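The primary structure of each chain is shown beneath.
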Amino acid sequence: NERQTQRRKGARASPQTPSFLTMRRADSSAKLKTMSVSSRDDLPRARRVVIKAGTSVVSNEDGRFSLTRLSGIVEQIAKLREAGVEVILVSSGAVGCGRRVLSKQALLSSNFHSQLRASSSGDNVSLLNDRTQGYNSACASAGQLGLMSLYETLFGQCEIAVSQFLVTSYDFTEQSRRSHLEYSVEHIISHGMVPIMNENDAVSGNKGYTPENVFSDNDALASIVAAQLNAEVLLLLTDVEGLYDRPPSEPGATVIDTFSKDTQAEIGDKSARGRGGMGAKVESACASLERGVQAVLIASGHRPNVIVDTLMEAKQVGTLFINAAPAAEGGGVAAEVAEAAAKTKAIDLATDARESARALQALSTDERAQVMRAVAEALRANSADILAANQIDVEAAAQAGSGVGSALQQRLKLTQAKIETLATGIEQLANMVEPVGKVLKRTEVSQDLILTQVTVPIGVLLIVFESRPDSLPQIASLALRSGNGLLLKGGKEAAKSNKALHKVVVDAVFEASGGRVGRGIVGLVEGREAIKELLQLDSAIDLVIPRGGKSLVEHVKKHTRIPVLGHADGICHVYVHPSASLAKAASVCVDAKCDYPAACNALETVLFDEGCLSAGGLVHEVLRALRQAGVALKAGPRAIELGLLSEADRAESLSVEYGDKSCLVEVVPSMEVRPTMEASPLPLDIFLSSTPPLFSSHKRGHQGRSQEASRPTLPFNPCRSSQRTRTRSVP
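Notes on the structure follow. The structure displayed is predicted, hence computed values, not measured ones. (Residues numbered from 1 in each chain as written. Predicted model: local features only at pLDDT ≥ 70, side-chain atom pairs only at ≥ 80, totals over all residues. Heavy atoms only, no water.)

This model, assessed by the stated rule, comprises one cavity of 30 Å³ or more. Considering only enclosed or pocket space, the largest cavity measures out at about 30 Å³ in volume. Every residue lining the largest cavity is listed: Leu43, Pro44, Ala46, Val49, Leu80, Val85 and Leu311. The class makeup of the residues in the lining of the largest cavity is seven nonpolar, no polar and no charged. (1 Å grid on protein atoms, 1.4 Å probe; cavity = no way out; pocket = protein on both sides within 12 Å on 5 of 7 lines; lining within 4 Å. Points joined across faces, edges and corners; volume = space filled by probe spheres on them. Nonpolar A, V, L, I, M, F, W, Y, C, P; charged D, E, K, R; others polar.)

The relative placement of two packed helices is expressed as an angle between their axes plus a distance between the axes. Running from N to C, helix α15 (residues 365–381) and helix α20 (residues 495–512) point in directions that differ by 140°, and their axes come no closer than 8 Å. Comparing their axes, α20 and α15 come out oblique. Here α15 runs over α20; the crossing is right-handed. On α20, the residues that touch Val371, Ala374, Val375, Ala378 and Leu379 of α15 are Leu501, Val504, Val505, Ala508, Val509 and Ala512. Broken down by class, the residue content of the contact of α15 with α20 amounts to eleven nonpolar, no polar and no charged. (Axes fitted to C-alpha atoms, helices over the stretch in contact; angles between N-to-C directions. Helix = DSSP H or I, 4+ residues; strand = E, 2+ residues; numbered from the N terminus. Parallel < 35°, antiparallel > 145°, perpendicular 65-115°, else oblique. Left-handed = near helix turned anticlockwise from the far one by under 90°. Contact = heavy atoms within 4.5 Å.)

Another point: the packing of aromatic side chains. Using the criterion set out here, one finds two aromatic pairs in the structure. Directly above the ring of Phe510 sits Arg519, whose terminal nitrogen or CZ lies 4.1 Å from the centroid. (Phe/Tyr/Trp six-rings, centres within 6.5 Å; stacked < 30°, edge-to-face > 60°. Lys NZ or Arg CZ within 6 Å of the ring centre and 35° of its normal.)

In this model helix α12 (residues 278–291) runs 20 Å from its N-terminal to its C-terminal C-alpha over 14 residues, within 8% of the 20 Å that 1.5 Å per residue would give. The element α12 is extensively covered by neighbouring structure, given that ten of its 14 residues are classed as buried. Listed as buried for α12 are Met278, Ala280, Lys281, Val282, Ser284, Ala285, Ala287, Ser288, Leu289 and Arg291. Of the surrounding elements, those touching the buried residues of α12 are β1 (48–53), α11 (218–228), β5 (233–238), β6 (258–259), β7 (295–300) and β8 (319–322). Two residues or fewer after α12 comes Gly292, characterised by a positive phi angle close to 115°. (Expected span 1.5 Å × (residues − 1). Buried < 20%, exposed > 50% of the residue type's maximum accessible area, 1.4 Å probe, protein only.)

Written out as structure tokens, the structure is:
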């Protein structure tokens, strides 16, 4: 680049003048802390982005500005600004629109004789094109004013001020000019304004792709601007959906999700408008990564909401360019490319599940029951292989630095007793009353017209569950009994166990049905990218059930249009009334906490009625029994105030799902009064009850609703009514 600068200036550059590439961050003194991007999920964390809008996005084919697309870009940039993201806009379009202006002026200013000659020769079109064809620096001058006036008007509607920067290659190759440019842009950004940058074509005389040029189009300019001004992400908006694996016009062409050095792509012809093309965008994207930009996206500016979808919601739109991590680490682009390849397989899994579900529904009740019994026997017969695979997962989770807590390790472990329990449970399901085709209600609408409500299979279920491998056969058996297809995504900590269990289940179904029900009836999904793609398949999947933390449920609900059966926190309480039996109270509390502490329905909070303090040592006996069972007691404010526990035992919150041998103890005046903590109060409706029972347990469910344990609860019904109503979240 220094040699190129010397040739452009016609003089010898000082050997102390550094290249603009090597100084991309040195002069900026690292004003922004650079983030790391390893996947699309990291993009919303970017605090400074550069957005480049190409000519094909800014203008229509007739050369006029596209008000629809420009107003959409401005509104989305306004949303980024509201989220605290600094935006630099690099905009093309001046040359293309200026060409139209000059064409019009050429017609108006040509003398009468010229028009006559052109008209008589039939060459009036060429008369205009001769003055404006190809690249013409005068076009930039004619179009730039209109472009900036439009941006100022549109941004003004969003209460955002803008500024204009017209640059040439000298502004990046000469140190003093580069410093002035950086200072000016930083000053503008610090005042909450959006800088809009473009090449000063009117004076640069940029002829296109020549060795002397630092940049030859706005794609390359955007790449340099992103590096020089410490942007973390560069978004290149064009007129195609992204980088294709072959020319988009060819059959079977698909958008490449993530681009790495080894990605194969064939670049087609460039757009009819503008000087760049897909080749220029790919080169600029790769150059940006080399200069230190963390991620580059190429996406269609014709797509509504493309900026918000990519930079704020991390949707799978366009082609993502990120630096590749070493293959041995199994991360970075290598992992992303592998997950992108699994995306297509995930779509096939959904299709196979639906087709296999139809075959399953064609079986009789007895045949489906026999299939389930075969699954139970297969679990017993293959228990050694299942336990061996599980042991690999358990050992990996137990290693230092694995990040897997003790509660999760306990849930992860399988035993021979658990497998037998699973097999027995599946046999019980096989013997239950047929859930499909059950008449729930008949209504005589009018004479000889009867409306019947009948249970039918839901269709295809997508269930995301935590690293508890025994969930896989449980969920699969429910789906088989009710005639549903199933897609399962388990936690990565149980990968080996899930694969072993999945193989046993699908092989048993295939063999027991005589090959009529394919192995696709239960699909095992791997990789985050596959899940993202499946969440968009509202035409192939009928219900999503996320089984995990509240954050997982919220994430799934946010990224899909498919109905979601969700939940909130699961914190189980035991309320002890003064009239409760001392022995029973101690026994139930210990059993509820210690039988399986990692279970989601294990005891997390013991609530003593204030009357228990004078009930013959009831409280102290329960606490003594819990301590003897190895339970660590956490104290609420009232428990400390009344002397049941010490200040050293104070709990940080009253809403914690411990998942281990820890338990909160608190005292309440009655079930109608909720305990409070200054930092995090419990929901009001947890303790609602008309008459306090002698001994009852409450579980907080969806949106904080409560259930009494003494009241029989309905199990999940994997069938639906034929009168189907779609909702986003089903309580």
